[in-house]
Amino acid sequence: MTTSVSVQVCKEAQEEPPHSVESAAEEPPGKRAWENRQRFFGHVSEEQWNDWKWQFRNRINTVQELASLIHLSDKEQARLRLVTGRYPFSITPYYFCLIDQNNPDDPVRKQAVPSFEEIAFAFMGKADPLAEEEDSVVPGLVHRYPDRVLMVLTNICPVLCRHCTRKREWQSGRWARTTAEIELMLDYIRRNKAVRDVIVSGGDPLSLATSRLEEVISRLRDIPHVEIIRIGTRFPVVLPQRIDAELCAMLSKYGPIWVNTHFNHPHEVTPEAALACDKLVRSGVPLNNQSVLLRGVNDSVETQTKLCRELLKIKVRPYYLFQADEVQGTEHLRTPIETGIRIIEGMRGHTSGLAVPTFVVDLPGGGGKVPLQPNYIVSHTDGELVLRNYEGRTFTCRNPEPLVSDHRPDRQQQRPERVQPASREAVAASKGKAK
Ligand code: SF4
């Protein structure tokens with residue numbers, strides 16, 4: 001689906017002259033990133049480097065470009081061409097510079113540079129393991145939980161993360177929702193008064209021009225029963241220059257807006273990322289992090305602890321640690337579920353509770369999120385619980401008897417009632433316009 005809006009994004013990025021963006025390099029960047037920048041992008045001016053549109057326009061997305069920057073044997077190049085025929089790639093110059101060129105297992109590289117294993121294990125997993133298409137009430141609007149909906153505005157992202165749950169969207173070209181499609185989504189939300197929380201996501205919604213994003217956010221804010229708006233974005237991690245004055249001024253007008261970002265490794269917590277997060281916080285936007293547990297990237301207690309401590313220092317609350325979904329083309333990055341539980345066990349009590357995310361499995365088939373944690377109950381008898389603490393010591397807690405009034409019939413959790421769009425014809429018509 002190619003649309004006028006996606007063209008708007010790209011044209012704006014190409015045609016607008018670089019404008020004044022506050023320097024994202026107010027502090028000296030990390031030594032490695034700085035050396036890489038000098039080595040690979042030494043010809044790029046400071047102004048261009050700090051212009052998110054320059055970064056976006058100059059993403060590395062061909063095997064030939066990649067091979068000109070890092071050593072790839074002929075065999076590796078041939079394999080990469082095979083992989084990218086199915087799963088394309090895209091890396092911003094900024095994010096590329098975080099890679100340790102001497103380490104083939106570098107955690108940033110693993111997230112951004114394609115691997116042959118993506119197609120070697122492609123028979124495992126599903127294209128849409130969370131059944132988002134099934135739960136879409138109008139194109140791009142997923143309504144699974146009673147009081148919240150997910151708006152998928154585009155499939156465009158500055159970096160195509162190799163572990164992405166919506167990898168299936170990469171084969172459909174670059175698209176963004178049309179005005180007609182957005183109208184259908186807004187109409188559904190307006191008519192469904194149970195919706196109090198709207199998650200604006202993608203792809204990455206900050207790939208859209210700020211003016212386009214404002215059109216959507218301002219209209220959501222006009223709906224009285226929408227209490228909070230959440231934006232899911234990886235820009236603070238992979239292209240922090242995007243968090244500019246214009247964006248922050250816009251977001252500050254429509255609060256409460258929460259941003260969920262997606263840091264996976266402490267190497268991503270750079271001075272530039274810290275500055276971007278600081279700007280958001282100063283604009284009245286609280287920040288939470290949703291990390292994905294990835295084999296060889298962040299699957300140890302040490303890495304997760306370091307990551308979460310670094311996040312707190314830049315005012316980002318570690319929120320979820322996701323078990324990687326069963327997505328086709330990502331099997332090589334998935335870990336056993338026990339790894340996540342062990343990591344939480346290794347963090348809880350050993351560091352501030354604020355730094356400990358909730359480990360979550362998003363159930364296949366659209367079952368929703370299930371939190372998992374170590375079992376701290378040693379035994380449970382009438383009136384008494386024996387619990388173990390983080391050091392393995394056991395403690396007995398007296399457990400008060402329930403009052404009769406505490407016994408209430410179980411309430412069956414209902415699937416959200418869906419308000420149908422005006423007509424199926426309207427949906428079909430909007431799809432037609434989206435071409
Ligand atoms: S930013 Fe999010 S949606 Fe985009 S590729 Fe990465 S994980 Fe997928």
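This is a predicted model, so every value here is computed, not measured. (Residues numbered from 1 in each chain as written. Predicted model: local features only at pLDDT ≥ 70, side-chain atom pairs only at ≥ 80, totals over all residues. Heavy atoms only, no water.)

## Overview of the packing of aromatic side chains
Under the criterion given, the structure shown has nine aromatic pairs. Where Phe56 meets Phe235, the ring centres are 6.5 Å apart and the plane angle is 10°; that geometry is what we call stacked. Note that Phe56 is positioned in helix 4 (residues 52-57) and Phe235 in helix 12 (residues 235-238), a separation of 179 residues in sequence. Comparing Phe56 with Phe235, the two get one shared label, buried. Ring pairing ties together the aromatic residues Phe41, Trp49 and Trp54, which thus form one cluster. (Phe/Tyr/Trp six-rings, centres within 6.5 Å; stacked < 30°, edge-to-face > 60°. Helix = DSSP H or I, 4+ residues; strand = E, 2+ residues; numbered from the N terminus. Buried < 20%, exposed > 50% of the residue type's maximum accessible area, 1.4 Å probe, protein only.)

## Here we look at the packing of helix 15 (residues 301-313) against helix 16 (residues 337-347)
For any two helices packed against each other, the geometry is given by the interaxial angle and the distance between the axes. In the contact formed by helix 15 and helix 16, the axes pass within 9 Å of each other and the chain directions differ by 60°. As far as their axial angle goes, helix 16 and helix 15 are oblique. For the crossing formed where helix 15 meets helix 16, the hand is right-handed. Between helix 15 and helix 16, the contacting residues are Val301, Gln304, Thr305 and Cys308 on the first element and Arg342, Ile343, Gly346 and Met347 on the second. Classifying every residue of the contact of helix 15 with helix 16 gives four nonpolar, three polar and one charged. (Axes fitted to C-alpha atoms, helices over the stretch in contact; angles between N-to-C directions. Parallel < 35°, antiparallel > 145°, perpendicular 65-115°, else oblique. Left-handed = near helix turned anticlockwise from the far one by under 90°. Contact = heavy atoms within 4.5 Å. Nonpolar A, V, L, I, M, F, W, Y, C, P; charged D, E, K, R; others polar.)

## Let's talk about the confidence of the model for the chain
Here the chain averages 88 in pLDDT, while 86% of its residues score no lower than 70. The low-confidence segment residues 426-435, where pLDDT is below 50, has 17 contacts with residues more than four positions distant or belonging to other chains. (pLDDT = per-residue confidence, 0-100.)

## Focus on the site of the ligand
Around the ligand sit Cys157, Val159, Leu160, Cys161, Cys164, Gly203, Arg234 and His262, and those are all the residues in its vicinity. More than half of the atoms belonging to the ligand lie within 2 Å of the grid points that define the largest pocket. Grouping the amino acids of the shell around the ligand by side-chain chemistry returns five nonpolar, two polar and one charged. (Near = heavy atom within 4 Å. 1 Å grid on protein atoms, 1.4 Å probe; cavity = no way out; pocket = protein on both sides within 12 Å on 5 of 7 lines; lining within 4 Å. Sits in = over half its atoms within 2 Å of the grid points.)

## Overview of the nonpolar core
Leu66, Tyr95, Phe96, Met151, Ile189 and Leu220 are the most contacted members of the largest nonpolar core, which totals 79 residues. For Phe96, the contacting residues outside a window of four places in its chain are Phe40, Phe41, Ile60, Leu66, Leu69, Ile70, Ile91 and Gln101. (Core = buried A, V, L, I, M, F, W, Y, C linked by side-chain atoms within 4.5 Å.)

## Some points on the layout of surface pockets
Its volume calculated, the largest pocket comes out at about 1,100 Å³. Along the walls of the largest pocket sit 45 residues, with Leu150, Arg166, Ser201, Gln290 and Phe322 positioned nearest its centre. Elements with a minimum of two residues in the lining of the largest pocket: strand 2 (141-145), strand 3 (148-152), strand 4 (197-201), strand 5 (228-232), strand 6 (257-261), strand 7 (287-293) and strand 8 (317-323). Ranked by residues supplied to the lining of the largest pocket, first place goes to strand 8 with four residues. The residue inventory of the lining of the largest pocket, partitioned by class, reads 21 nonpolar, 13 polar and 11 charged. Here the second largest pocket is characterised by a volume of approximately 490 Å³. Along its surface, the second largest pocket is lined by 19 residues, and Pro104, Arg109, Pro114, Ser115 and Phe116 are the ones closest to its centre. Sorting the residues of the lining of the second largest pocket by element identifies helix 6 (74-86) and helix 8 (107-112) as the ones contributing at least two each. (Points joined across faces, edges and corners; volume = space filled by probe spheres on them.)

## Focus: helix 6
Two residues of an α-helix separated by three or four positions point the same way, owing to the 3.6 residues in each turn. Look at helix 6: 19 Å from first C-alpha to last across 13 residues, which is about the 18 Å you get at 1.5 Å a residue. Regarding helix 6, the residues found buried are Gln77, Leu80, Val83 and Thr84. For helix 6, the angular spread of the buried residues around the axis is 125°, confining them to a single face. Among the exposed residues of helix 6, those oriented more than 90 degrees off its buried face are Asp74, Lys75, Leu82 and Gly85. Contacts made by the buried residues of helix 6 are with helix 5 (63-69) and helix 9 (117-120). (Expected span 1.5 Å × (residues − 1). Arc of directions from axis to C-beta.)

## Details of unusual backbone geometry
Here the amide bond leading from Gly202 into Gly203 is cis, since omega sits at 25°, within 30 degrees of zero. Position of Gly203 among the secondary structure elements: in the loop between strand 4 and helix 11 (210-221). Between Gly255 and the following residue, Pro256, the backbone shows a cis peptide bond with an omega angle of 0°. Of note in this structure, Ala131 is not a glycine but carries a positive phi near 55°. Looking at the element boundaries, Ala131 is found in the loop between helix 9 and strand 1 (136-138). Positioned with a positive phi, Lys315 is a non-glycine residue whose angle comes to about 70°. Here Lys315 shows up in the loop between helix 15 and strand 8.

## Concerning the pairing of strand 2
Regular strands place side chains that alternate from one sheet face to the opposite one. Within strand 2, five of the five residues are buried, which leaves the element mostly enclosed by the surrounding structure. Taken together, strand 1 and the strand that follows it, strand 2, pair antiparallel across an intervening segment of two residues, in which Gly140 is found at a positive phi of about 90°. Two elements, strand 2 and strand 3, share three bridges in a ladder whose sense is antiparallel. Within strand 3, the residue paired with Val142 across the bridge is Leu150. (Pairing = 2+ DSSP bridges.)

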